[in-house]
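Below, each chain spelled out in residue letters.
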Amino acid sequence: ALGIDLALGSLIGLGIQMGVGAEAIQMAAVLSFSKSPWVMGNPLVHGTSSFNDNIRKSYVSRCHFDANLFSDPLAVMNLIWDYESHNDTHKWAKSHNVSLSQIRRLSSTTENLRKRVASYLGIPEGMLQVSRPPIEMSHGMVTILRIIQVWVFSATMIQIDSKTLQGLQKSHTKNGVSIDLRPGSDMVVRSDLEKIFMKDRHFFKLLQSSEIRQKGNFEYIPVGEPSPDNFINRLEAHLISFAIEKQFTFFCISFTNRVFVYAISGSETEKIVKKCLKPHRVEDSRVTLKMLSNEGKSVRGIGERSCGRWTVQRQSATKSGSNAQFLLWSRTCFEMSKQLTKKAAPIKKGSKKIEAAKKDFKTIMTSLEKLGRLGDHKCMVLKFPWASHQVSANQRLKFFLVSFGTTKAMTAVDLRDILGSRLDSTTEKKAGKQKLQFLWCKSLPREFKGGNDKGVKMESSWERPLIKCIPEGARIVSVLVSSRRRDNIIKLVATEASTHDGEVDEDSDLSLFLPKSTNATFRWKRFNTTDAVYIDMNSVPATAVPVDSPDDLYCVCANALEVRGGGLRAEGLTLLPQGKAFLLLARFTFGLLRETNIDDDTILDKAMMWIGSNLGKAPKKILMGRIERAIDFHKSSLHLRETLQSFPEKVKQLLEIFDGIDGYEVKVWETLSSNPLIRKNVATHKRGFRKKNGKIVAKCQS
């Protein structure tokens, strides 16, 4: 009569009995819709850039509407609610990477199913309208919907066992989730990865980046009066200009007696560098340099190149620079004790003061290079193996340049602009093993409307995460890898910073080979078997990995298709609370037992033996009593059969069994007693309505 699958009909019937009839109808409509409302990416159809962009946008949108529920159908129900509450649907669909045609059809499918059920029950359609989206539902309603899905789709359960989870959790550290790039991967820089992550949402570090060493000698030809200060001033002006154009975050110039460190004033990098130098008491020597842009001016020669596009304004103000674009850079200087160069009152070689100064100098250089090797900063260290006062005109001077966070060496033209003419140099590239680290952060919605100081309503599902999951950025990596099936690879579009000649070839992609554990395809197995499961890679519950417990993870699959070899193609996933307790209680309340009769005297012992220590958040002391109550609930509910009415007393009993099992308090929601599908309410509503031409209308309506 309803024109839907038998299992979905059962979902609606059980939903009506358990007080969530309207929600179950909408969920059934969502699960009957075969296509995803989100825009999908296909590596065989889309280019690397558009594929990565589609995958990232769709997954972030899914996470936003999932709202820590870890359920595909509940996420789509949130999506429908948001779609129907917006006027400008075109703008809304684009912002959430949703197919407007698909969401329109899905909304229409939901409405049609609601009309058919209302007509079958002989009640007005308005009685079956959903009053709130899952994100705002009480935890009791969400729990009931999970339980009903276990009852209906128990034959297509999938799982990740504790042993597999322990393997996945080996990459978890105190700071975040680390993912090693396997041998054969192209060297990448941070700018390559920023194209697939959102700056204000996915916080990551690129550890152990590439390192390029250049060394040689040059002839210093002074401009103006030859002096050490003039040499340093000219050097820093060209290097800051180069750093701005090439997007370096900091750099340093070191002599045997002095170290100059430069960073963008007020930036996070400056704070990190300042913290690195703080123990050495160099704060008092900080100077701010105002860099003026030469853009729009008629300049030639070095002024056209990276080292000359910005100039230092050393005066307090200039007429020509009043309206010019400018950037502020800070300079921090550490200088060895001046007593080392004094001829009068020389200090002995073993002096504690000299040794302390040398130790500080060495520590600073080591700390700065270590900061560069971490890979999260694009920086360079220019070393001169002589004291700053020893610079002299028309003399061959040695230099060493180390660049971090880039795969491109400084060109000979740039080196001559910075150091001087008649330059000879050699380049050595050192490729280190790279690693991605995603920092721990709380899952939050994309948009903030009302609620507390973080824009999240305190009663929403955002405040009740089903599991503490790995960061969203790490899951995006898993989605990108899984979308390419068995290759365990991510493709990136090369940037200028990651090419050797500075020119980007549109057809050249960077390949990152990742561990097999990042591929979600290999994690899930059919319940109590080792048969493979093929999942929707963009699914939020499918890519979830708990961080605080290795207990088994179970998922309900609403749409499943048997494949050759015993595998399963699964869609419409809903994650269950971690551990075996919730699953066991849900099966017992419906009498779903495989090898044991419900009246078996040893059923409690067998149940506790199966659970073992795999409890999840369920208190072990109360679990045995809950199992007994679950069995009693099943026996006392047999008389309900196929009655399409709500039974509040049964809902209350069921919620008491599951109270605290997932770590949260479960209560009866306020509107349960006024549910229109309770027997007395149905009778009241039916008195004022009658059928006319197959539709339910008010009796007073002609």
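Basis of the calculations
- Residue numbers run consecutively from 1 along every chain, following the written order of its sequence.
- Confidence filtering applies because this is a predicted model: local features only for residues at pLDDT of at least 70, side-chain atom pairs given and counted only at 80 or more, and all residues used for totals across whole chains, interfaces and linings.
- Only hydrogens and water are removed before side-chain values are computed, so all heavy atoms of the structure are retained for them.
- Each helix corresponds to a stretch of at least 4 residues labelled H or I by DSSP, and each strand to a stretch of at least 2 residues labelled E; elements are numbered beginning at the N terminus.
- Any two residues whose heavy atoms approach within 4.5 Å at even a single point are treated as in contact.
- In this scheme, a residue with accessible area under 20% of its type's maximum is buried, one over 50% is exposed, and one in between is partly exposed, where area comes from a 1.4 Å probe on protein chains only.
- Each polar contact in these results corresponds to two N or O atoms within 3.5 Å; when the atoms are within protein, one needs to be able to donate a hydrogen and the other to accept it, and residues that are neighboring in sequence are counted only if both atoms are side-chain atoms.
- In this analysis, strands are considered paired if DSSP registers two or more bridges between them.
- Throughout, an axis means a line fitted to C-alpha atoms (over the contacting stretch in the case of helices), and angles, computed between N-to-C directions, take values from 0 to 180 degrees.
- Cavities and pockets are defined on a 1 Å grid built over the protein atoms alone: a cavity is a set of grid points where a 1.4 Å probe fits but cannot escape, while a pocket is an open set with protein on both sides within 12 Å along at least five of seven lines, and lining residues are those with an atom within 4 Å of any such point.
- Grid points are joined across faces, edges and corners, and a volume is the space filled by probe spheres set on the points.
- Three classes are used: nonpolar for Ala, Val, Leu, Ile, Met, Phe, Trp, Tyr, Cys and Pro, charged for Asp, Glu, Lys and Arg, and polar for all others, with Gly counted as polar.
- Scored from 0 to 100, pLDDT reflects the predictor's confidence in each residue.

### As for the environment of Leu568
Looking at the secondary structure, you find Leu568 in strand E19 (residues 568-575). Put simply, Leu568 and Arg526 are 42 residues apart on the chain and 7.4 Å apart in space, counted from C-alpha to C-alpha. Those residues within four positions of Leu568 in sequence are excluded, and the remaining contacts are Ile158, Arg526, Ala532, Val533, Tyr534, Ala560, Leu561, Glu562 and Val563.

### Observations concerning the environment of Thr574
Turning to its location among the elements, Thr574 is positioned in strand E19. On the accessibility criterion, Thr574 (0% relative accessible area) is buried. For the pair Thr574 and Met157, spaced 417 residues apart in the sequence, the C-alpha separation amounts to 9.9 Å. Aside from chain neighbours lying at most four places away, what touches Thr574 is Phe70, Ser71, Pro73, Arg146, Gln149, Tyr554, Cys555 and Val556. A distance of 2.9 Å separates polar atoms of two side chains, one belonging to Thr574 and the other to Ser71.

### Section: the sheet that holds strand E2 (residues 176-180)
Spatially, E2-E13-E3 is the arrangement adopted by the 3 strands of the open sheet, whose pairing is antiparallel. If you trace the sheet from one side to the other, it starts and ends with E2 and strand E3 (204-207), each paired once. For this sheet, the mean inter-axis angle between neighbouring strands, taken without regard to orientation, is 20°. Here 4 bridges tie E3 to strand E13 (residues 435-439), and the two strands are oriented antiparallel to one another. Residue pairing for E13: Phe204 is matched across the bridge by Phe438.

### Remarks on the layout of surface pockets
Take a probe with the size of a water molecule and roll it over the atoms, and the empty space left behind shows itself. Here the second largest pocket defines a volume of roughly 800 Å³. Forming the walls of the second largest pocket are 30 residues, and the residues nearest its centre are Ser10, Gly13, Leu14, Arg641 and Glu642. Of all the secondary-structure elements, those providing two or more residues to the lining of the second largest pocket are helix H1 (6-17), helix H6 (100-121), helix H7 (139-152) and helix H17 (620-636). A total of 8 residues in the lining of the second largest pocket trace back to one element, the largest contributor, which is H1. Of the residues that constitute the lining of the second largest pocket, the class distribution is 18 nonpolar, 9 polar and 3 charged.

### Quick notes on the sheet that holds strand E11 (residues 396-404)
Spatial strand order, E8-E7-E9-E6-E5-E10-E11-E4-E12: 9 strands in an open sheet with mixed pairing. Sheet topology places strand E8 (310-313) and strand E12 (424-430) at the edges, where each strand pairs with a single neighbour. Taken over all neighbouring pairs, the strand axes of this sheet differ in orientation by 20° on average, direction set aside. In terms of strand pairing, strand E4 (residues 211-219) meets E11 through 9 bridges, oriented antiparallel. If you follow Asn217 over to E11, its bridge partner there is Lys398. Contacts from helix H11 (residues 268-277) reach strand E5 (250-254), strand E6 (258-264) and strand E9 (326-335), with the element oriented near 155° to E6. The sheet strands contacting helix H12 (residues 352-373) are E4, E5, E6, E9, strand E10 (379-383) and E11, and the helix crosses E6 at an angle near 35°.

### Structural notes on the confidence of the model for the protein chain
Averaged over all residues, the pLDDT of the protein chain is 83; the fraction at 70 or higher stands at 86%. Taken as a whole, residues 316-322 scores under 50 in pLDDT and shows 3 contacts with residues more than four places along the chain or in a different chain. Note that pLDDT drops below 50 for residues 448-455; the model gives that stretch 11 contacts with residues more than four away or on any other chain.

### Considerations on unusual backbone geometry
With the exception of glycine, the majority of residues adopt a negative phi angle, and the majority of peptide bonds are in the trans configuration. Phi is positive for Ala67, close to 55°, though the residue is something other than glycine. Topologically, Ala67 is positioned in the loop between helix H3 (48-66) and helix H4 (72-84). We classify Ala67 as buried; its relative accessible area is 0%. Residues other than glycine seldom take positive phi values, yet Gln247 does so here, at roughly 60°. Residue Gln247 is classed as exposed on the basis of its relative accessible area of 60%.

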